[in-house]
Amino acid sequence: MSPEIGELVAALPDGFDEEKAPDEALQTLLSSLANKPVPVGRLTRFWALGSLKAKIALAYMAWWLRSGYVSGDKRAATLNETHLKSAIKLLGTMSYLRGSIMKIGQTLANYPDVVPDEFVDTLSALHFEAPPMHFSLLREQVRNELGRDPEEIFDEFETKAFAAASLGQVHRARLKTGQEVAVKIQYPNIARTIRDDFKNFNALLLPMRLTKDWDNFRAQGEDIFETLELETDYVNEAECLKAAREAFNEDDGVVVPEVFEEFSSGRVLTMEFIEGKHVDEFMATNPPQEVRDRHGHQIFMAISRLYYGLKIVYADPHPGNFYFMEDGRLGLIDFGCCYRFTDETWKYCANVERASHGPIDSEAMDAALLYSVDLTDEAQMGEERLGLLRDYCTWMWEPMQEDAPFDFGDPEYLRRGMQLYGDMIRKRYTRSQPINTWLARSFVGARAMAYRLRAKFNLKAILDTETSVK
Amino acid sequence: MRITAKAKEETRERITESARKLFTDKGFDETTTRDIASEAGIATGTLFNYYPSKEALAMSLVAASLDAGRLDFEARRRGDESLEEDLISHIMTGLRRLQPHRGYVGAVMETAMSPFAKTGLCDDADRTREEHLERVTDLTASHGLGGAPPFVVMHLYWTLYLGVLAFWSRDASDKQEETLAVLDHSLRLFVASLKTGHTKVEVNHVT
């Protein structure tokens, strides 16, 4: 079970009448990030996290108290108002604490049916509209990394960012050869910020250390930290981009930007500029069903190609990373958050697939699920947890059961999956192999994209092709 | 024998070049005025005709670098920068020129330019501080934050500036990346304080 999904479900506002208190539920929304300066000191960051928690908890507590005196539509209106206020406060703090936890905000924004609309609207802005760092600071960072000012390196460099990246921002520029490029520049010192975030969360979680699943929980956390820290290394991202670019041919209709190594470093990444629309903008053009289906197909084909062909989990499939291009191709950018399989995790995933393809093999499935929650004893697993995990896997593999187009735009399908997450979180079934964090981000994120596209396509056919290519 | 102005200037240059070389090779603390004089081919007593102390000599090197940095800053300005951008660029162009002196700039600043240092002890230090603050005053004024900011604001700026310099001189991060973050914070703090100074404060009068 992914901690991020746990955060997502715990953040659902309709959990008030369940066992979680509102402030506890919202604690998981204590996120941070973005564009004002990163507080370097750990204590400063800790203070900001605590402060936000108090503000959001108070907003919800106020709603909770007030809701006892209102009913019906008025109650719903008040809830919306409270969501909006909290979303704004959340965004405010996120603007202050740029860093690794932006991932939580992005993940939330990916689930339009699960979190309140106001959260989606507000958090969606994080992908593309976070206010930029000013140019003088960027210029110094570029000079540190590439030895010259952007004005000297590029024929033209737009001083205003056109996109916010989770760890920095992206500027349009033109090389002296005339090539249009996107230059991703990391905020100074972000790696240390991530380390501080991790220490803060460990401190927040200390009361849990005596619980039976503490070691597992900590292992998951460390895995997240290591992957996020890897994300600060743009050299690693450039290598992933190059490998991914070679994995697709012209007929695939998928474009991965070319990296210009001469103008790249550990903190600056210069890539080919991809022109296209993001999902909301694309959907606003009322594209016909077959075009949406083709893009849904491209997304899953691309993620599957990386998975089976390169043994990479594309763990960041949020809307900002997909461009729908005028000529019908799909642009796939941002390879910072990629998880590379080890032999052990690859074997585990292969076992789950073998058990789930076609008619489900219950015995093989149960053995894989036991491993997936990091347990060796079936008695520890318990019938209820096993049942929920089986249902979750069945839900995940449902679109692959029939050799026919599956309707990913069906809200009922997404809702059922979220309900299963919710059940597992409420029952505290959070033990998991760290790999599941990245698999869940990738699989659920891709499903959310297909949902937003209201796309129908044959996933089984995609997987059959991609596994045979492997 | 009469010493011409030209000869004096050449001697001064020999002294500063020798000092620059020795500070870099041996370190500031390990270098004595005797070493510098010897390297420059002059008597130690002669060196004191030019510079009253090793710190004053180092300060002249620092001041020359900061002067060059200021020229870099003016050359890089586009004219549409925000105050924060101007200030960060103003400081960073100086720091880049100061890079060869990073190992000993702390000792020099402490002696000659810290808020505790007396004025009048070192001409280069006094001039550098005045010119730097004048430029900051001009920049704040050009961004519509009033004419000369009050001495309190300039003192705050100078303290932040020296704090950044102190951090930078000991910054062990790769390419002194952490200094950029500290500088960004410090200048946002400073600019915020300027803006606060422009808001009206309500005061309760007791009669």
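Please read these numbers as outputs of a predicted model, since none were measured by experiment.

1. Notes on the overall build of chain A
Broken down by element type, chain A carries 20 helices and 12 strands. Of the contacts made within chain A by residues no fewer than 6 positions apart, 74% connect residues no fewer than 24 positions apart. About 19300 Å² of surface is accessible on chain A, with carbon and sulfur atoms providing 51% of the total.

2. Re the sheet that holds strand β8 (residues 322–324) of chain A
All names here are of chain A. With respect to topology, 3 strands assemble into an open sheet ordered β5-β9-β8, the strand pairing being mixed. The open sheet has two edge strands, β5 (254–255) and β8, and neither has a second partner. One ladder, built from 2 bridges, connects β5 with strand β9 (residues 330–332); its direction is parallel. Looking across to β9, one finds that V255 is bridged to G331. Helix α13 (residues 289–310) contacts β5, β8 and β9 of the sheet and is inclined by roughly 35° relative to β9.

3. Quick look at the confidence of the model for chain B
All names here are of chain B. The share of residues in chain B with pLDDT of 70 or more is 90%, and the mean pLDDT across the chain is 85. When the criterion is pLDDT under 50, residues 199–207 qualifies, and its contacts beyond four places in sequence or with other chains add up to 0 contacts. Across the predicted assembly, pTM comes out at 0.73 and ipTM at 0.78.

4. Brief notes about the pattern of salt bridges
Tallied over the entire structure, the rule returns 41 salt bridges over all chains. Across the pair E261(A) and K242(A) runs a salt bridge, and its minimum N-O distance is 3.0 Å. Highlighted residues: E261(A) in the loop between β5 and β6 (268–272) and K242(A) in helix α11 (residues 234–247), separated in sequence by 19 residues. E261(A) sits in the exposed class, given a relative accessible area of 51%. Here D25(B) ties to K21(B) by a salt bridge, and the two come within 3.3 Å at their closest N and O atoms. Of this pair, D25(B) and K21(B) both sit in helix α1 (residues 5–26), 4 residues apart, roughly one helical turn. The class for K21(B) is partly exposed, based on a relative accessible area of 43%. Connected through salt bridges with shared partners, the residues E140(A), R143(A), D149(A), E152(A), R76(B) and R96(B) form a single ionic network.

5. Section: the interface of chain A and chain B
Contact with chain A, which involves 22 residues of that partner, is made by 17 residues of chain B. Summed over both partners, the interface of chain A with chain B buries about 2000 Å², with 47% contributed by carbon and sulfur atoms. Residue E177(B) pairs with R267(A) through a salt bridge whose shortest N-O separation is 3.0 Å. Ranked by residues supplied to the side of chain A that touches chain B, first place goes to helix α7 (residues 135–146) of chain A with 9 residues. Along the lines of polarity and charge, the residues of the side of chain A that touches chain B split into 8 nonpolar, 7 polar and 7 charged.

6. Looking at a negative patch on the surface
Negative charge collects at one region of the surface, where D361(A), E363(A), D377(A), E378(A) and E383(A) lie side by side. Given a relative accessible area of 39%, D361(A) falls into the partly exposed group.

7. With respect to unusual backbone geometry
Residues and elements named next belong to chain A. Unlike most non-glycine residues, D334 shows phi in positive territory, near 65°. Its location among the elements puts D334 in the loop between β9 and β10 (338–340). On the accessibility criterion, D334 (12% relative accessible area) is buried. Notably, R454 is not glycine yet its phi reads approximately 50°, a positive angle. Inspection of the secondary structure puts R454 in the loop between α19 (435–453) and β12 (456–457). Classification of R454 by relative accessible area gives partly exposed; the value is 35%.

8. Observations regarding the side chain of N321(A)
Here N321(A) is to be found in the loop between β7 (312–314) and β8. Once you skip the residues sitting within four places of it in the chain, N321(A) turns out to touch Y314(A), D316(A), G331(A), L332(A), I333(A) and D334(A).

9. Observations regarding the packing of aromatic side chains
All names here are of chain A. Here the structure, examined in full by the defined rule, presents 27 aromatic pairs over all chains. Arranged with centres 5.5 Å apart and planes meeting at 70°, the rings of F162 and F273 form a pair that is edge-to-face. One end of the pair, F162, is in the loop between β1 (156–157) and β2 (163–165); the other, F273, is in the loop between β6 and α12 (279–283), with 111 residues separating them in the sequence. Ring geometry for W395 versus Y413: centroids 4.9 Å apart, planes at 20°, classification stacked. Here the residue W395 occupies a position in helix α17 (residues 383–397), and Y413 occupies one in helix α18 (residues 411–426), the gap between them amounting to 18 residues.

Criteria and cut-off values
- Residues numbered from 1 in each chain as written.
- Chains lettered and ligands numbered in written order.
- Predicted model: local features only at pLDDT ≥ 70, side-chain atom pairs only at ≥ 80, totals over all residues.
- Heavy atoms only, no water.
- Helix = DSSP H or I, 4+ residues; strand = E, 2+ residues; numbered from the N terminus.
- Contact = heavy atoms within 4.5 Å.
- Areas by Shrake-Rupley, 256 points an atom, 1.4 Å probe, with all protein chains shown as cover.
- Pairing = 2+ DSSP bridges.
- Axes fitted to C-alpha atoms, helices over the stretch in contact; angles between N-to-C directions.
- pLDDT = per-residue confidence, 0-100.
- Salt bridge = Lys/Arg side-chain N within 4 Å of Asp/Glu carboxyl O.
- Buried < 20%, exposed > 50% of the residue type's maximum accessible area, 1.4 Å probe, protein only.
- Buried area = accessible area lost by both parts, 1.4 Å probe.
- Nonpolar A, V, L, I, M, F, W, Y, C, P; charged D, E, K, R; others polar.
- Patch = residues over 30% accessible without salt bridge, like charges linked within 9 Å, V, L, I, M, F, W, Y side chains within 5 Å.
- Lys, Arg positive; Asp, Glu negative; His and termini not counted.
- Charge placed at Lys NZ, Arg CZ, Asp CG, Glu CD.
- Phe/Tyr/Trp six-rings, centres within 6.5 Å; stacked < 30°, edge-to-face > 60°.

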